Structures are given as C-alpha cells and as structure tokens.
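Single-letter residue listing:
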Amino acid sequence: NLHTILFAVVPTLVIAWLVAFVAGRLARRALLAIVGDHLSPASPLVRGPLRLVSFAAFILCAALLLFPAFELAGVRPRAGVPIKTLAEWAFAHGLKVLLIGLFAYALIRTTSLLVRRFEHEVSKGTTLDAIERAKRARTLGSLVNNVATIAISGLAVLMALNEFGVNITPMLTGAGIAGLAVGFGAQALVRDIISGFFMILEDQVRVGDSAAINGTGGLVEQINLRTIVLRDEEGTLHVFPNGSITTLANRSKDFSYYVITLGIPYHEDPDRVSDILKAVGAGLQTDPHFGVFILEPIEIMGVDAFADWAVQIKLRIKTVPQRQHEVGRELRKRIRRAFDEHKVAVPFPERLVAVRDGIDRR
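In this report, the structure presented in the accompanying data block is examined. (Residues numbered from 1 in each chain as written. Predicted model: local features only at pLDDT ≥ 70, side-chain atom pairs only at ≥ 80, totals over all residues. Heavy atoms only, no water.)

## Quick notes on the sheet that holds strand β1 (residues 210-213)
Then comes step 1: Pairing in this open sheet of five strands is antiparallel, and the strands run β4-β3-β2-β1-β5 from one edge to the other. Strand pairing shows two members of the sheet lacking a second neighbour, β4 (237-241) and β5 (248-250), which therefore form its edges. Strand after strand, the sheet turns through a mean of 40 degrees between neighbouring axes, direction not considered.
Then comes step 2: Pairing geometry for β1 and β5, over three bridges, is antiparallel. In the strand pairing of β5, I213 is matched with L248. (Pairing = 2+ DSSP bridges. Helix = DSSP H or I, 4+ residues; strand = E, 2+ residues; numbered from the N terminus. Axes fitted to C-alpha atoms, helices over the stretch in contact; angles between N-to-C directions.)

Here's what the structure looks like:
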C-alpha cells in the first residue's frame, strides 16, 4: 500500500540527500584547494561541478538503497540489489572501504599537524631571523602538505576501487607507462621540479629577496617548483625555469651592505675625512627613522685606490634586507652636507698646461 511505499522511499531519500550533501562538501573543499584564490566559490566553474557531484551521489545512493528499503518494508521488488547481497558486501568490503577512508583522513590530518608543529617551532621568536625562518617553514609546509594529501588520497581511492570490484591493474600499468613517458619525454620538467624543491629546501632565495639570476637582477615575486619569477627595476618580469639557473646571487639574505667608493682630492687628509664619515654614520644611526634599519656602525675600509685626480676611500654600512638603498641614499646626502660644512673639496679633473717663454728662432 501507499504507507508501506512511503515508509521505504522517504528514509531512502533522506539518507541519499545526506550522502549527497557530504559528497558535495568534500568535493567543494577539494576543488577549492585545487583552484586556490583564482576562482570565487560562487563562480559557475566551481558551482557546476559541485552540483554534478551532489546529484550523482544522490542518484547512486538512492538507487542502491531503494530496493533493500522495499524489502525491509515488506515489498518484494523483482529487480535491484537484494538486501542480503548489500549486507554481505557491507560487512565484507564496506568496512574495509570505511577503514581505508578513516586511515587516509587520519594520515592527512597527522601530516598537517606535524607541519604546523614544525612551522611553530621554527618561527619562535620576534627577531628578523625568526621572521625569515617562518617564511621558509610556511613554504616547505605548504609543499609537504600538498604532496602528502595527493599521494595519500590517490592511494586510498585505488584501494577503495579495488574493494568495489574495479580492476585497478590497468590503472597501475597505465600510471607506470605514463611515468616512464614523463621521465623520458619531460626530462627538463623533472629537472626543473627537482631543482626547485632543493632550492626551497636549502633556503637559497625567498619571495621578496633582491637577487641576481643568470646575471639578471631584480625582486623575487614568486618561487614555484618549476619556475622562479623575477621583476627588475624597469618593471620587466623575468621567468626562469629552475633547472636552467646556473648562477644565483641573493643580495638580501639575512642582511645587506651599501658600499660607497668616495673620491677626495690628493691634498685632503684621509684620516680627517674618515673621522668626518664616522661622525656622519653615527648621526645617521641615531636617527629615529633610519636607525632601526642599520645593524652596525659605518665601516671605513680605508684608501682603496689612487685615481687620476682623486684618492678613493671605500666605506660600507650594514642594514636589514631591502633597506640598503634607502639608507645609502640618505648617507650620501649627509656626507655631501658634512663635506660642505668641513670645507672638504670635491675632486674634479685638472690639467696642467706648460707654456714656454720665448720663441725658438733659427
């Protein structure tokens, strides 16, 4: 009768809706993890696949449970999956699928917790070094999380398909052949990925560093497993495959130096000029704006060369990363003012002309 049919259909539809809701939520989380910030959750490109997954899960679950529900209600349908067969599969293979899913989820969560613990331990402190360590830990942590999630999820799906009776041998064979094809046909890609992994692991360069790659200098904007993106002072974007990097010079690792080669006339006393430079450096270090960027007092390295019309004195000042040019420009301005104040002459080219008095007559 109608009451018996409703007693079988309504709970089945409720359970199918719950399964579809859970499947949709899991699919949404996985899809957002893949697309990241590139697409909004309200985008049709995101909502369309999610609706398809939820609808498919609802139909499959309803079709699977409807006929056993009829049997429980006392109706004997002629088609469908018998409740005995469904119960045997649930206790034989269903529990294994459930354990596989729970174990995979536990492994992913454990990996995530270990990565967070690693990031917390590495980033302890409030110094500049701790901030740099935190950047490196977040980069490595994100990489480990993504790789572990993909590997564990893929293995769990294959094991679950095997429990559903799907022959996964062709899949494994195809994956092996694809791996060989990728290994032989995409050697440059593999080299780029391996080089990028070790570049991140060894903390050679980080996002925001000032670096020179293969002779091209600029600011590092992105570090990926395959490429590193550099923007020079003209705004030009340079993309380098990690495997093609032959030279990498990090100009802002931990600290930076601003170096000045200063020319003074030959008649000036280098010791007097050095004292003036030290006083200028000390004044800059006590400045409330620039002093926080200076790590050590100005270093006068001494007379570096004898030019045609000037004695060259080399000096440098140590700053936090990325602040050397700002501090250096202010230092040059104060040196110029101090030289005017202490009457230190500015060197300029000189030429001596000898004029003979008299005319040679023969």
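Following the structure, the description resumes.
## Side note on the side chain of S252
Then comes step 1: Counting through the fold element by element, S252 comes out in the loop between β5 and β6 (256-264).
Then comes step 2: Polar side-chain contacts of S252 include one of 2.8 Å to the backbone nitrogen of S210.
Then comes step 3: A distance of 3.0 Å separates polar atoms of two side chains, one belonging to S252 and the other to Q322.
Then comes step 4: Not counting the four nearest positions on each side in its chain, S252 is found in contact with D209, S210, P321 and Q322. (Polar contact = N/O pair within 3.5 Å; in protein donor to acceptor, adjacent residues only side chain to side chain. Contact = heavy atoms within 4.5 Å.)

## Description of the packing of helix α7 (residues 270-285) against helix α8 (residues 324-341)
Then comes step 1: Close contact between α7 and α8 brings their axes to 10 Å; oriented N to C, the two are set at 130 degrees. Regarding the angle of α7 to α8, the classification is oblique. Crossing handedness for the pair α7 and α8: right-handed. In this structure, α7 contributes V273, I276, L277, V280, G283 and L284 to the contact, and α8 contributes V327, E330, L331, R334, I335, A338 and F339. (Parallel < 35°, antiparallel > 145°, perpendicular 65-115°, else oblique. Left-handed = near helix turned anticlockwise from the far one by under 90°.)

## Quick notes on the environment of I264
Then comes step 1: For I264, the position within the fold is in strand β6.
Then comes step 2: Residue contacts for I264: discarding those within four places in its chain leaves P270, V273, A310, V311, I313, F339 and P347.

## Comments concerning the sheet that holds strand β8 (residues 311-319)
Strand pairing in a sheet takes place through backbone hydrogen bonds and is either antiparallel or parallel in direction.
Then comes step 1: Strand order in the open sheet made by the three strands is β6-β8-β7, with antiparallel pairing throughout. Lying at the two open borders of the sheet, with one neighbouring strand each, are β6 and β7 (299-306). Between one strand axis and the next, the sheet turns by 25 degrees as a mean value, whatever way the strands run.
Then comes step 2: In the sheet, β7 pairs with β8 via six bridges, with the strands oriented antiparallel. Bridging from a neighbouring strand, V303 pairs with I313 of β8.
Then comes step 3: Strands β6 and β8 of the sheet are contacted by α8, whose axis makes an angle of about 25 degrees with β6.

## Re α8
Each turn of an α-helix holds 3.6 residues, which means side chains three or four residues apart point in the same direction.
Then comes step 1: The first and last C-alpha atoms of α8 sit 25 Å apart over 18 residues, in line with the 26 Å expected at 1.5 Å per residue.
Then comes step 2: Every buried residue belonging to α8 is among Q324, V327, G328, E330, L331, I335, A338 and F339, and all of these are buried.
Then comes step 3: Against β6, α7 and β8 lie the buried residues of α8.
Then comes step 4: Of the residues flanking the end of α8, it is K343, one or two places downstream, whose phi is positive at about 60 degrees. (Expected span 1.5 Å × (residues − 1). Buried < 20%, exposed > 50% of the residue type's maximum accessible area, 1.4 Å probe, protein only.)

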